[in-house]
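Commentary on secondary and tertiary structure
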Amino acid sequence: MSSWGRSLLAASVVLLAGCTTTASGGSAAPSATIATTAASAAGATGAASAATGCHSRIETTSLPDWADAGFHGGSQVPHVFGKTGDILAVLFAQPLRQVREDGSNNKILWVARASTTSPDPTAPSTLVITATLDGTATRVTREVAGGPGPSIIDMPQAGCWHLDLRWSGHTDTMDLVYAP
């Protein structure tokens, strides 16, 4: 095997070693709406998408104080911060998967930073997630009724999904990778 092949194999082993699957507890699934555009990515692969534009890093450090209510110990669960830091996604299933054959689900707890005033007090509290598959026109919308909280967020394809998050007059963005 060439040195390039050995390096690629070693990188794959390291990447796979960092992935674990956690069965998640029961939670009511949020309402979900799918609006896939006609120009969906028939030829896009999840691996290529994840490699080209997924920039949100999965943290395994302790949750910040504003997000650790209900967690015990060091609260070191996988989580992803929104770009502006106003929301984070606690990932109870890691990696997230397009198809979960083990009976678990893609449970995500959305935790928003507490705010004393909403930028728009008339804005609905529902967390609206508009997700776009990297490098494609495939777009889906998911909603978490009542605002940030527990959810089960599935995507129709594997790959890197860019999430536009809107709730109570707030906005943030993040990327999440869904494995096949």
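First, a word on scope: everything that follows refers to the structure included in this document. Each chain has its residues counted from 1, running along the sequence as written. With pLDDT at 70 or above as the cut-off, local features in this predicted model cover only qualifying residues; side-chain atom pairs require 80 or more to be listed or tallied, and sums for whole chains, interfaces and linings still use all residues. Side-chain metrics rest on all non-hydrogen atoms present in the structure, leaving aside hydrogens and water.

1. A closer look at the nonpolar core
Ranked by internal contacts, the top residues of the largest apolar core, which has 22 residues, are Ile108, Trp110, Leu163, Leu165, Met174 and Leu176. Where this core is concerned, the elements lending two or more residues are strand 3 (87-91), strand 5 (107-112), strand 6 (127-133), strand 7 (139-144), strand 9 (159-167) and strand 10 (170-179). Setting aside residues up to four positions removed in sequence, Met174 forms contacts with Ser56, Val80, Phe81, Gly82, Ile87, Leu88, Ala89, Trp110, Trp161, His162, Leu163 and Leu165. For our purposes a nonpolar core is just a set of buried Ala, Val, Leu, Ile, Met, Phe, Trp, Tyr and Cys residues, chained together by side-chain atoms within 4.5 Å. Partly exposed residues are those whose accessible area sits between 20% and 50% of the maximum for their type, while under 20% is buried and over 50% is exposed, using a 1.4 Å probe and protein chains only. In terms of nonpolar packing, the next biggest core, distinct from the first, is built from seven residues, Ala67, Phe71, Val90 and Leu109 among them. A run of H or I in DSSP counts as a helix once it spans at least four residues, and a run of E counts as a strand once it spans at least two, with each numbered from the N terminus. Throughout, a residue-residue contact means that at least one pair of heavy atoms, one from each residue, lies within 4.5 Å.

2. Quick look at unusual backbone geometry
In this chain, Gln94 is followed by Pro95 through a cis amide linkage whose omega measures 5 degrees. Note that Pro95 resides in the loop between strand 3 and strand 4 (96-97). Backbone geometry at Ser168 places phi at a positive 45 degrees, although glycine is not the residue there. Structurally, Ser168 can be placed in the loop between strand 9 and strand 10.

3. Concerning the sheet that holds strand 3
Pairing between strands requires that DSSP locate at least two bridges from one strand to the other. The strand order across the open sheet built from four strands is 2-3-5-8, with neighbouring strands paired in antiparallel fashion. Looking at strand neighbours, the two that pair on one side only are strand 2 (79-81) and strand 8 (150-152), the edges of this open sheet. Within this sheet the neighbouring strands show an average axis-to-axis angle of 25 degrees, counted without direction. Axis geometry follows a simple rule: fit a line to the C-alpha atoms, using only the stretch in contact for helices, then measure angles between N-to-C directions, giving values from 0 to 180 degrees.

4. Some details on the packing of aromatic side chains
Here the distance between the centres and the angle between the planes together describe a pair of aromatic rings. In summary, the pairing rule links any two rings of Phe, Tyr or Trp, Trp by its six-membered ring, whose centres are within 6.5 Å, and it sorts them by plane angle into stacked for under 30 degrees, edge-to-face for over 60 and tilted for everything else. Following the criterion strictly, the structure yields one aromatic pair and no others. Pairing Phe71 with Phe92 gives two aromatic rings, centres 6.3 Å apart and planes at 10 degrees, and the pair type is stacked. Taken together, the residues span a long stretch of sequence, with Phe71 in the loop between helix 2 (46-53) and strand 2 and Phe92 in the loop between strand 3 and strand 4 at a distance of 21 residues. Overall, the relative accessible area of 24% leaves Phe92 in the partly exposed class. The ring of Phe92 has Lys107 sitting right over it, with the charged end atom 5.2 Å from the ring centre. Look at NZ for Lys and CZ for Arg. If either is within 6 Å of the ring centre and within 35 degrees of the ring normal, a charge sits over the ring.

From the geometry alone we can't say anything about function, so treat these as descriptive.
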